[in-house]
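So the chains spell out like this:
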Amino acid sequence: MIRTEPLNKNYTIDQINHLIDTGHVFVTPFGLNRTCYIVVNHKPFMVIATDISIRGVQLSGAWYTWEDLAAMGGVYESEFEALSAIANGA
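Residues numbered from 1 in each chain as written. Predicted model: local features only at pLDDT ≥ 70, side-chain atom pairs only at ≥ 80, totals over all residues. Heavy atoms only, no water.

Undergrad: So, the sheet that holds strand S2 (residues 43–52): which residues are in play, and what are the values?
TA: Taken together, the five strands give an open sheet; going across it, the order is S4-S3-S2-S1-S5, and neighbouring strands pair in antiparallel fashion. Each of the sheet's edge strands pairs with one partner strand only, and the pair in question is strand S4 (62–65) and strand S5 (75–76). Note: strand S1 (residues 34–40) against S2, seven bridges, orientation antiparallel. Looking across to S2, one finds that tyrosine 37 is bridged to methionine 46. This element, helix H3 (residues 79–87), spans S1, S2 and S5 of the sheet and lies at about 125° to S2. (Pairing = 2+ DSSP bridges. Helix = DSSP H or I, 4+ residues; strand = E, 2+ residues; numbered from the N terminus. Contact = heavy atoms within 4.5 Å. Axes fitted to C-alpha atoms, helices over the stretch in contact; angles between N-to-C directions.)

Structure (structure tokens):
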């Protein structure tokens, strides 16, 4: 049975590097149940990250693939980052 396990401070650096090298460690771009911003029609739109997976993210209950979000203009942790992206052509 495969299941997820949290990393803890008892892992050695070699064990962590092995997990990274074999693709078993992922970092999420933002936390669950936190607000973030997507770009819709060149305007920042606040949503809540309700779930995150390897292939996509659920924002305020709607699933988006990472490719769809990139095509829309991206997803950002703060409104300032979203506005900066819009100003730079997102």
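Undergrad: Account for unusual backbone geometry, with residues named and values stated.
TA: In this model, asparagine 33 sits at a positive phi of 60°, which is unusual for a non-glycine residue. Along the chain, asparagine 33 falls in the loop between helix H1 (13–21) and S1. The class for asparagine 33 is exposed, based on a relative accessible area of 63%. Located in the positive-phi region is asparagine 41, a residue other than glycine, with phi close to 55°. Among the structural elements, asparagine 41 can be located in the loop between S1 and S2. (Buried < 20%, exposed > 50% of the residue type's maximum accessible area, 1.4 Å probe, protein only.)

Undergrad: A description of the layout of surface pockets should follow, citing residues and the corresponding values.
TA: Taken as a whole, the largest pocket encloses approximately 630 Å³ of empty space. Around the largest pocket, the lining is made up of 22 residues, and of these Thr4, Glu5, His24, Val25 and Phe26 lie nearest the centre. For the lining of the largest pocket, the class distribution of residues is 14 nonpolar, five polar and three charged. (1 Å grid on protein atoms, 1.4 Å probe; cavity = no way out; pocket = protein on both sides within 12 Å on 5 of 7 lines; lining within 4 Å. Points joined across faces, edges and corners; volume = space filled by probe spheres on them. Nonpolar A, V, L, I, M, F, W, Y, C, P; charged D, E, K, R; others polar.)

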